[in-house]
Amino acid sequence: MTQRIDYTKTSPAGVKALGGIYAYIAQCGLENTLIELVNLRVSQINGCAFCLDMHTRDLLKKGLNPVKLALVQVWNESGNVFNEREKAALAWAEIVTRVSETHVPDEAFEAASAVFEDKELADLTMAIGLINAYNRLAISFRNVPQEAINA
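Just so it is clear, the model here is predicted, and its values are computed rather than measured.

Some thoughts on the nonpolar core
(1) Moving on: Within the largest apolar cluster, 24 residues are counted, with the highest numbers of intra-cluster contacts made by Leu30, Val38, Trp92, Phe116, Leu124 and Ile128.
(2) Moving on: Sorting the residues of this core by element identifies helix H3 (32-46), helix H6 (84-97), helix H8 (106-113) and helix H9 (118-140) as the ones contributing at least two each.
(3) Moving on: When neighbours within four sequence positions are excluded, Val38 is seen to be in contact with Ala89, Leu90, Ala93, Leu124 and Ile128.
(4) Moving on: One finds Leu37, Leu40, Leu64 and Val72 within the second-largest nonpolar core, a separate group that totals nine residues.

Re the packing of aromatic side chains
(1) Moving on: Summed over the entire model, instances satisfying the criterion amount to two aromatic pairs.
(2) Moving on: Note on Tyr7 and Phe141: the rings are 6.0 Å apart at their centroids and 40 degrees apart in plane angle, and the pair reads as tilted. Of this pair, Tyr7 sits in helix H1 (residues 7-10) while Phe141 is found in the loop between H9 and helix H10 (146-150), placing the two residues 134 residues apart along the sequence.
(3) Moving on: By relative accessible area, Tyr7 is classed as buried at 11%.
(4) Moving on: By relative accessible area, Phe141 is classed as partly exposed at 23%.

Some thoughts on the packing of H3 against H9
(1) Moving on: Close contact between H3 and H9 brings their axes to 9 Å; oriented N to C, the two are set at 45 degrees. The pairing of H3 with H9 is recorded here as oblique in orientation. Remark: the crossing between H3 and H9 carries right-handed chirality. Two secondary-structure elements touch here, H3 through Ile35, Val38, Asn39, Val42, Ser43 and Asn46 and H9 through Leu124, Ala127, Ile128, Ile131, Asn132, Asn135, Arg136 and Ile139.
(2) Moving on: Its residues placed into classes, the contact of H3 with H9 shows eight nonpolar, five polar and one charged.

Criteria and cut-off values
Starting afresh in each chain, residues are numbered from 1 along the sequence in its written order. At least 70 in pLDDT is required for a residue's local features to be given in this predicted model, at least 80 for side-chain atom pairs to be given and counted, and no such filter applies to totals for whole chains, interfaces and linings, which use all residues. Values shown for side chains rest on all heavy atoms present in the structure; no hydrogens or waters enter the calculation. Definition used in this section: a nonpolar core is a set of buried Ala, Val, Leu, Ile, Met, Phe, Trp, Tyr and Cys residues joined via side-chain atoms within 4.5 Å. Under the scheme applied here, a residue whose accessible area is under 20% of the maximum for its type counts as buried, over 50% as exposed, and between as partly exposed, the area being computed with a 1.4 Å probe on protein chains only. Here a strand is any run of E in DSSP of at least two residues, a helix any run of H or I of at least four, and the numbering for each starts at the N terminus. Pairs of residues are marked as contacts when any of their non-hydrogen atoms sit within 4.5 Å. Stacked, tilted and edge-to-face are the three classes applied to pairs of Phe, Tyr and Trp rings, where Trp contributes its six-membered ring and a pair requires centres within 6.5 Å; stacked means planes under 30 degrees apart, edge-to-face means over 60, and tilted covers the rest. Angular values range over 0 to 180 degrees, each being the angle between N-to-C directions of two axes fitted as lines to C-alpha atoms, with helices fitted over their stretch in contact. Throughout this description, any angle smaller than 35 degrees is read as roughly parallel, any larger than 145 degrees as roughly antiparallel, any in the 65 to 115 degree range as roughly perpendicular, and the remainder as oblique. Here is the rule for handedness: rotate from the far helix to the near one, and if that takes an anticlockwise turn smaller than a right angle the crossing is left-handed, while a clockwise turn gives right-handed. When residue character is reported, Ala, Val, Leu, Ile, Met, Phe, Trp, Tyr, Cys and Pro are called nonpolar, Asp, Glu, Lys and Arg charged, and the others, Gly included, polar.

As structure tokens, then:
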């Protein structure tokens, strides 16, 4: 696989704008590991090898248990491996990422709202939107995973 466009060079202002959202999310108050788990799950749904590689590496560097990492894609079948906030965030990430299919039903909103305050839920949804945007860029322009570069 060869990279089609290096959008970081061809559209630096756009990348900087996305970086501003990333910086906001990093300091919004949501747990960093929670955001990284969401980034990983959304990247799994979208099939983004570049982002899967990056977020897997980031979570391992943060000390996430490799077994928990392996269970992200089946979080809802993993018993008590994930805490209440993680489960709610992963469920919300799935429903929002598949918005064209799900239309985010009231039950999903109510479930997420039971765990997250309004600001947290808005920030989480922005984080989900951001990783979806990054996935679409990386997939469309064939970003190569770090592992492929190192191989």
